[in-house]
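Listed here are the chains, written in short residue letters.
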Amino acid sequence: EARPEEGPLYTETRLEGLSSPPDAQARGLRSPNQTDADGAGGITLDFRKLIRDVPDFPKTGIVFKDITTLTRDPEGFRASVDAIAGRYADSGVDAVVGVEARGFIFGAAVAYRMGVGVGPARKPGKLPAETVKAEYELEYGTDAIEMHRDAIEPGQRVLIVDDLLATGGTAAAAAKLVEELRGEVVAIAFVVDLAFLKGRDKLAGHDVFCLIEYGEE
């Protein structure tokens, strides 16, 4: 996990069968299974520089962390997906759950990279078949997410992926659903952690991984 003063790292992963596209090779980005001549693998990439701050969104006083500037960058998006997938490459992950909505982007890409399936955790009323639901608290009131009852098979080891950790309620609800379906939560991975909101407190007992941590608003 990268601390704010250190800057995040894209470390080498060992997922076989993929190579960098020619343009990425020309620009110095190695695929996860490539190494330097001296055996040192991976590159250092500052993901923070690819996140755009949008002031006063969605309301005055909030600085929104926009990940679309990361996802539109081919090297940055690939590296972020590889960093998450690589961290859990040897963890026996059977399935990935992507949390609505931007978690779908990263969750699907991570699942593809790991060679496993992906299922969505969605807002109520969005899934067509039989579902299970978990509620979580907001500052004022409650919200909920749902998963299909057959999204996870009993005993499957599941990696939950979302773009941003704020107060932790949504991720905690997703973990609760996985466990209700008799799956095992291997870890919960995020691109961005707004650490000042203390979302990790609600995820106590789970392995939590974030590429970028913001310690202050």
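Attention here is on the structure that accompanies the text.

What counts, and at which threshold
- Residues numbered from 1 in each chain as written.
- Predicted model: local features only at pLDDT ≥ 70, side-chain atom pairs only at ≥ 80, totals over all residues.
- Heavy atoms only, no water.
- Salt bridge = Lys/Arg side-chain N within 4 Å of Asp/Glu carboxyl O.
- Helix = DSSP H or I, 4+ residues; strand = E, 2+ residues; numbered from the N terminus.
- Buried < 20%, exposed > 50% of the residue type's maximum accessible area, 1.4 Å probe, protein only.
- Phe/Tyr/Trp six-rings, centres within 6.5 Å; stacked < 30°, edge-to-face > 60°.
- Lys NZ or Arg CZ within 6 Å of the ring centre and 35° of its normal.
- Expected span 1.5 Å × (residues − 1).
- Pairing = 2+ DSSP bridges.
- Axes fitted to C-alpha atoms, helices over the stretch in contact; angles between N-to-C directions.
- Contact = heavy atoms within 4.5 Å.

### Focus on the pattern of salt bridges
In total, this model carries 10 salt bridges according to the counting rule given. Residue aspartate 82 is joined to arginine 78 by a salt bridge in which the shortest nitrogen-to-oxygen separation is 3.8 Å. With aspartate 82 and arginine 78 both in helix H3 (residues 74-87) and 4 residues apart, this pair spans about one turn of that helix. For arginine 78, a relative accessible area of 19% corresponds to the buried category. Residue aspartate 193 pairs with arginine 200 through a salt bridge whose shortest N-O separation is 3.1 Å. Each of Arg78, Asp82 and Arg113 takes part in salt bridges that share partners, so that together they form one network.

### Observations regarding the packing of aromatic side chains
Evaluation of the coordinates by the stated rule reveals 3 aromatic pairs. Between the aromatic rings of phenylalanine 57 and phenylalanine 64, the centroid separation amounts to 5.2 Å while the plane-to-plane angle is 85 degrees, which identifies the pairing as edge-to-face. Summarising the aromatic geometry, the rings of phenylalanine 77 and phenylalanine 106 are spaced 5.7 Å apart at their centres and angled 70 degrees between planes, so their arrangement reads as edge-to-face. A residue pair is termed long-range when its members are at least 10 positions apart, and phenylalanine 77 in helix H3 and phenylalanine 106 in helix H4 (residues 102-114) qualify at 29 residues. Under the relative-accessibility criterion, phenylalanine 77 is labelled partly exposed at 23%. Classification of phenylalanine 106 by relative accessible area gives buried; the value is 0%. Positioned above the aromatic ring of tyrosine 214, the side-chain terminus of arginine 48 is 4.8 Å from the ring centre. The aromatic ring of tyrosine 214 is capped on one face by lysine 65, whose charged end is 4.0 Å from the ring centroid.

### So, H3
Here H3 spans 20 Å end to end across 14 residues, near enough to the 20 Å set by a 1.5 Å rise per residue. In terms of burial, H3 is a largely internal element, 11 of the 14 residues being buried. Those residues of H3 not exposed but buried are Glu75, Gly76, Arg78, Ala79, Ser80, Val81, Asp82, Ala83, Ile84, Ala85 and Gly86.

### What about the pairing of strand S6 (residues 142-148)?
Where burial is concerned, most of S6 is hidden: 5 out of the 7 residues are buried. Examined bridge by bridge, strand S5 (residues 131-137) and S6 share 7 bridges and lie antiparallel to one another. By the bridge assignment for S6, glutamate 137 is matched with threonine 142. Between S5 and S6, which follow one another and run antiparallel, lie 4 residues, and glycine 141 among them has a positive phi close to 100 degrees.

### A word on the sheet that holds strand S8 (residues 184-194)
Taken in spatial order, the 5 strands of this open sheet run S4-S3-S7-S8-S9, and their pairing is parallel. On the outer flanks of this sheet lie strand S4 (117-121) and strand S9 (208-214), each paired with one strand and no other. Across the sheet, the mean angle separating the axes of adjacent strands is 20 degrees when strand polarity is ignored. In the sheet, strand S3 (residues 95-99) pairs with S4 via 5 bridges, with the strands oriented parallel. By the bridge assignment for S4, alanine 95 is matched with glycine 117. Packed onto the sheet, H4 meets S3, S4, strand S7 (157-165) and S8 and runs at close to 140 degrees relative to S7.

### Observations concerning the side chain of aspartate 193
Among the secondary structure elements, aspartate 193 is positioned in strand S8. Setting aside residues no more than four positions away along its own chain, aspartate 193 makes contact with Leu165, Arg200, Cys210, Ile212, Glu213 and Tyr214.

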